[in-house]
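Each chain, letter by letter, is given below.
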Amino acid sequence: MEKNNLKNLISSKWFLLIFFASAYPIVNFVNVNKMQLLPIHFYKLSFYFIVIFLFALLFAVIIKKIILKSIKIEQIAFSISLAILVFFGYTHDHYILSFLCLLIIPILGLLFSKYKVLSNWFFFVIILALTLSSIQIIWSKIQSIDFTKSNIKKRDISENFGQDFVRAKNPPNVYYFVPDCYMRSDRVKKVLNYDNQPFLDKLSELGFYIADKSYSNYPTTFLSLSSLLAMDYVATEDMKPFTNKEKFFEILSGKNATVNRFKKHGYQFARMGPGRWDPGRCTGNEDICLNKKSGFSELDYMFWGSTPVLAVVRKLNLVTTNPKSTFTDIKQSLENLKIDDPLFVFGHILMPHPPYIFDKECNLISAKNLNQGVGTGGWWGEKAEKFYLGELRCVNKQIAKLVEYITNNDPESIIVIQADTGTHFGYEGDVDIMDKPLSKWSKRDLEENYANLTAIKVPKKYYKWLYPSISQVNTFRLLFSMIENKKLPLINDYSYSTHYENKPGFGKVYKYQ
């Protein structure tokens, strides 16, 4: 009898309507963001679906049993389904209108739900929308598999490095730090009219080699850091265009040539993720996770940002909504780290990349002051320059203290400070570089996007192996040459231009030498 009741419940139209209405925000979110989702995201999104569905189901039963006893459950389900869709269409730019819609539309739905033709059409539209979104997701997955199969690397790292691998004896600890979007100092002077030379002089005093002609291989983080860790180009003009970032995120997760080679040498892999950017977070592939902060992830921002939830969380301070890791966090984690094995530390810090949350003294900037200061020009507009510069000066202070700590306590270590990309400042009017066709990029555009900070501290006997225009693909090739005390092959330093996923030309790259 109970099995029949359960079967009848599951097959009932009102139950299915709430089920599909709860599923649509999830499926639509996956479809819209399919090019940048990680495998771990699907576990969290599945949990979100269960919570939304059970809450809506319970709410429907409570209303029927306690509040609106005379109204049919099908009508209540129709109203709640409308409420779910409006809830996930909330806009913070017009929050009063959104709030009124959240109240009024479900009530109207309850009033008009007695017309079966309306509820039937609504049911059909939800099924159709789910179907279309699912087809697009499946097609994207098929294209991703095709990209991976058709772009099998023509060069194998192990073959390039030779077959005579010998494990290093007493290898030094290696610290690699990424200050995200830290432009090369000559660009700091040109674009922001700020003399960053004192910071470079400080690094030089501490034994760093400054690569003053360095360029990143790509203008986007996911490609530049993937090429760094793969020790090779991950997307070239002779490869089939990629349709999503799945393969690159796998490299960033720790499944890459660099981490594998360190482990062959007996290293422990420690990671400090950026906090806000999910592909750089600890994934379990590292031996040690240095992150201590928790809070809203990038997925949480994207998913709940279209609802009133984010505003409520911020207002009540329920969860940290700006969980940016800092170089100070790395220093504190290293101070508490006790390990005998050689250590490879990879720290990706989302500074001075926007959103800018620190001033030049490393004090927190309120979201209100930041939004008012930046205005409508966005994170790379003219008004945002002072905020970028303030956070850059904060980064300088934090990096100086971090490298002083490492050099004092681990003087034989190798330290690299290398930004992933340049910036997008320096344009006239309202031109957005990412809106320009790649064929129209000027030398100025390329300088702006690729000129990145690179500073390397290695034993002085290896300084002769370094050169001013070093790029990410050769950084770890050089470091392993030093660790193994033999020169390993380098590849030509190129920069490839490409666009973000929401811009025309995404997936196609063009070589710029």
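Residues numbered from 1 in each chain as written. Predicted model: local features only at pLDDT ≥ 70, side-chain atom pairs only at ≥ 80, totals over all residues. Heavy atoms only, no water.

Engineer: Describe in detail the overall build of the protein chain, supporting the description with residues and values.
Structural biologist: Of regular secondary structure, the protein chain possesses 19 helices and 9 strands. Sorting the 513 residues of the protein chain into buried and exposed places 52% on the buried side. Considering only residue pairs separated by 6 or more positions, the protein chain has 74% of its internal contacts joining residues 24 or more positions apart. (Helix = DSSP H or I, 4+ residues; strand = E, 2+ residues; numbered from the N terminus. Buried < 20%, exposed > 50% of the residue type's maximum accessible area, 1.4 Å probe, protein only. Contact = heavy atoms within 4.5 Å.)

Engineer: Any chance you could break down the nonpolar core for me, citing the residues and the numbers?
Structural biologist: Among the nonpolar cores identified, the biggest contains 52 residues, and Phe-222, Phe-344 and Phe-476 are the most heavily contacted of them. Secondary-structure elements contributing two or more residues to this core are strand S1 (174–179), helix H10 (221–230), helix H11 (246–252), helix H12 (257–264), strand S5 (343–349), strand S6 (414–418) and helix H19 (472–484). It is H19 that provides the largest number of residues to this core, a total of 7 residues. Leave out the neighbours within four places in its chain, and Phe-344 touches Val-174, Tyr-176, Thr-258, Val-259, Phe-262, Tyr-267, Gln-268, Phe-269, Ala-270 and Phe-476. Grouped together as the second largest cluster of nonpolar side chains are 45 residues, Leu-200, Met-272, Phe-425 and Leu-453 included. (Core = buried A, V, L, I, M, F, W, Y, C linked by side-chain atoms within 4.5 Å.)

Engineer: Explain the side chain of Asn-33 to me, and be specific about the residues and the numbers.
Structural biologist: Relative to the helices and strands, Asn-33 is located in the loop between helix H2 (13–32) and helix H3 (39–67). The buried category is assigned to Asn-33, whose relative accessible area is 11%. Here the side chain of Asn-33 touches Phe-29 through a polar contact of 2.9 Å, landing on its backbone oxygen. (Polar contact = N/O pair within 3.5 Å; in protein donor to acceptor, adjacent residues only side chain to side chain.)

Engineer: Describe the pairing of S1, listing the residues and the values that go with them.
Structural biologist: A large share of S1 lies buried, amounting to 6 of its 6 residues. Residues Val-174, Tyr-176 and Val-178 line one face of S1 and the alternating positions Tyr-175, Phe-177 and Pro-179 line the opposite face, and both faces are buried. As defined by bridge partners, S1 adjoins S6 across 4 bridges and the pair is classed as parallel. By the bridge assignment, Val-174 is partnered in S6 with Ile-414. (Pairing = 2+ DSSP bridges.)

Engineer: Please provide a residue-by-residue account of the state of the cysteines, values included.
Structural biologist: As enumerated under the stated definition, the model contains 2 disulfides in all. There is a disulfide in this structure between Cys-282 and Cys-289, and the S-S distance comes to 2.1 Å. Of note, the bridge from Cys-282 to Cys-289 carries an S-S torsion of about 90° and is right-handed in sense. The residue that forms a disulfide with Cys-362 is Cys-394, at a sulfur-sulfur distance of 2.2 Å. Since a negative S-S torsion denotes a left-handed disulfide, the Cys-362-Cys-394 link at about 115° is right-handed. With a gap of 32 residues between them, Cys-362 in the loop between S5 and helix H16 (367–374) and Cys-394 in helix H17 (residues 385–409) connect regions that are remote in the sequence. Look at Cys-362 and you get partly exposed, because its relative accessible area is 22%. Cysteine pairing for the protein chain (bonded cysteines numbered in sequence order): 1-2, 3-4. (Disulfide = S-S within 2.5 Å.)

Engineer: I'd like to hear about empty space enclosed by the protein, residue by residue, with values.
Structural biologist: Applying the stated rule across the entire model yields 4 cavities of 30 Å³ or more. The volume enclosed by the largest cavity comes to roughly 90 Å³. What lines the largest cavity is a set of 16 residues, among which Leu-229, Leu-252, Arg-271, Gly-280 and Phe-346 lie closest to the centre. Within the residue set of the lining of the largest cavity, elements represented by two or more residues are H10, H11, strand S3 (268–272) and S5. The residue inventory of the lining of the largest cavity, partitioned by class, reads 11 nonpolar, 4 polar and 1 charged. The volume enclosed by the second largest cavity comes to roughly 50 Å³. (1 Å grid on protein atoms, 1.4 Å probe; cavity = no way out; pocket = protein on both sides within 12 Å on 5 of 7 lines; lining within 4 Å. Points joined across faces, edges and corners; volume = space filled by probe spheres on them. Nonpolar A, V, L, I, M, F, W, Y, C, P; charged D, E, K, R; others polar.)

Engineer: Account for unusual backbone geometry, with residues named and values stated.
Structural biologist: Cis geometry is found at the peptide bond from Met-351 to Pro-352, where omega equals 5°. When you line up the elements, Pro-352 lands in the loop between S5 and H16. Cis geometry marks the peptide bond from Pro-354 to Pro-355, where omega comes out at 5°. Within the element layout of this structure, Pro-355 appears in the loop between S5 and H16. Here the phi dihedral of Asn-170 falls at roughly 50°; this positive angle occurs in a residue that is not glycine.

Engineer: An account of the pairing of strand S7 (residues 454–457) is needed here, citing residue identities and associated values.
Structural biologist: Across the two faces of S7 the burial is the same, with Thr-454 and Ile-456 and Ala-455 and Lys-457 all buried. Taken together, the 2 bridges between strand S2 (residues 209–210) and S7 define a ladder with antiparallel strand orientation. Residue Tyr-209 lies in a different strand from S7, and its bridge partner there is Ile-456. Pairing between S6 and S7: 4 bridges, direction antiparallel. Directly across from Ile-417, in S7, lies its bridge partner Ala-455.

Engineer: Account for the layout of surface pockets, with residues named and values stated.
Structural biologist: For the second largest pocket, the calculated volume is near 730 Å³. Forming the boundary of the second largest pocket are 31 residues, of which Leu-37, Leu-38, Pro-39, Ile-40 and Phe-249 lie nearest the centre. Counting only elements with at least two residues in the lining of the second largest pocket, the list comes to H3, helix H6 (116–150) and H11. At 6 residues, H6 tops the list of elements feeding residues into the lining of the second largest pocket.

Engineer: Can you break down the packing of helix H9 (residues 197–205) against H17 residue by residue, with the values?
Structural biologist: Put simply, H9 and H17 touch, their axes get as near as 11 Å, and they point 5° apart. Classified by the interaxial angle, the pair formed by H9 and H17 is roughly parallel. Across from Phe-199, Lys-202 and Leu-203 in H9, the residues of H17 making contact are Asn-396, Ile-399, Val-403 and Glu-404. By residue class, the composition of the contact of H9 with H17 is 4 nonpolar, 1 polar and 2 charged. (Axes fitted to C-alpha atoms, helices over the stretch in contact; angles between N-to-C directions. Parallel < 35°, antiparallel > 145°, perpendicular 65-115°, else oblique.)

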